[in-house]
Amino acid sequence: VQLQASGGGLVQAGGSLRLSCAASVSIFNIDVMGWYRQAPGKQRELVAASRSGGNTNYADSVKGRFAISRDNAKNTVYLHMNSLKPEDTAVYYCRALISTSARMNVYWGQGTLVTVSS
């Protein structure tokens, strides 16, 4: 499974961006698609996750501002980011988790940099 993240860039505080994560396989049956981020000097953290059954969850710091969505026809997961703050500045990564009876397989995309200026 290959994941291609895109959509990062420089935006002013209060602005919006949409990140995309295109998968090389059908995402319909991928158990969890998620977005993580890593700011300089900090650990990578979960931002948002979307489960195949439709459930989503978000980090408290982005609730009400970010939304994760899936387009199964395009095998793409999006992260819609609104009301961006300087503290949202980070490299954003998408991740896919696929469970089998034997193991859980985790795949990461390359990061895309989001910079929010004050």
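Treat the numbers as computed from the prediction; the structure is a model and nothing was measured. Residue positions are counted from 1 within each chain, in the order its sequence is given. Selection of residues for local features in this predicted model requires a pLDDT of at least 70, selection of side-chain atom pairs for listing and counting requires 80 or more, and totals for whole chains, interfaces and linings are taken over all residues. Note: side-chain values were computed over all heavy atoms of the structure, leaving out hydrogens and water.

Draft legend 1. Quick peek at the overall build of the chain. Counting secondary structure elements, the chain contains 0 helices and 11 strands. Elements are defined by DSSP. Helices are runs of H or I of four residues or more, strands are runs of E of two residues or more, and each kind is numbered from the N terminus. Written out in order from the N terminus, the α and β elements of the chain read β-β-β-β-β-β-β-β-β-β-β. Taking 118 residues into account, the globule formula puts the C-alpha radius of gyration at 13 Å, and the chain, at 14 Å, falls close to it. Among the 118 residues that make up the chain, the fraction classed as buried is 41%. For the chain, contacts bridging at least 24 residues in sequence account for 53% of all contacts bridging at least 6. The charge count treats Lys and Arg as positive and Asp and Glu as negative. His and the chain ends do not count. One atom stands in for each charge, and that atom is NZ of Lys, CZ of Arg, CG of Asp or CD of Glu. Put simply, the chain has 12 plus and 6 minus side-chain charges, and the middle of one group is 3 Å from the middle of the other. The globule rule used for comparison is 2.2 Å times the number of residues to the exponent 0.38, while the radius of gyration itself is calculated over C-alpha atoms. Using a 1.4 Å probe on the protein chains alone, a residue whose accessible area is under 20% of its type maximum counts as buried, one over 50% counts as exposed, and one in between counts as partly exposed. Contacts are residue-level and defined by heavy atoms, with any inter-residue pair within 4.5 Å sufficient.

Draft legend 2. Representation of the state of the cysteines in the model. Throughout, disulfides are identified as pairs of cysteine sulfur atoms within 2.5 Å of each other. Evaluation of the coordinates by the stated rule reveals 1 disulfide. Here cysteine 21 pairs with cysteine 94 through a disulfide, and the sulfurs are 2.2 Å apart. What sets the handedness of the cysteine 21 and cysteine 94 disulfide is the S-S torsion sign, and at about 65° it is right-handed. Placement of the pair is cysteine 21 in strand E3 (residues 17-23) and cysteine 94 in strand E9 (residues 90-99), with a sequence separation of 73 residues. Looking at cysteine 94, the relative accessible area reads 1%, which means it is buried.

Draft legend 3. View of the sheet that holds strand E8 (residues 76-81). For two strands to count as paired, DSSP must find a minimum of two bridges between them. Spatially, E1-E3-E8-E7 is the arrangement adopted by the 4 strands of the open sheet, whose pairing is antiparallel. The two strands at the open ends of the sheet, each matched to only one other strand, are strand E1 (3-6) and strand E7 (66-71). Across the sheet, the mean angle from the axis of one strand to that of its neighbour is 15°, orientation sign disregarded. Pairing of E1 with E3 involves 4 bridges; the strand directions are antiparallel. Bridged to glutamine 4 within E3 is alanine 22. Only C-alpha atoms enter the line fits that serve as axes; for helices the fit covers just the stretch in contact. Angles between N-to-C directions range over 0 to 180 degrees.

Draft legend 4. Highlighting the pairing of E7. Sheet topology note: the E7/E8 ladder contains 6 bridges and is antiparallel. Bridge assignment links aspartate 71 to a residue of E8, and that residue is threonine 76. Taking the residues between adjacent antiparallel strands as the criterion, E7 and E8 are bridged by 4 residues, where asparagine 75 takes a positive phi near 50°.

Draft legend 5. Looking closely at unusual backbone geometry. Positive phi, normally seen in glycine, also occurs at asparagine 75, with a value near 50°. Positionally, asparagine 75 belongs in the loop between E7 and E8. Even without being glycine, serine 83 reaches a positive phi, approximately 50°. You can see serine 83 is positioned in the loop between E8 and E9.

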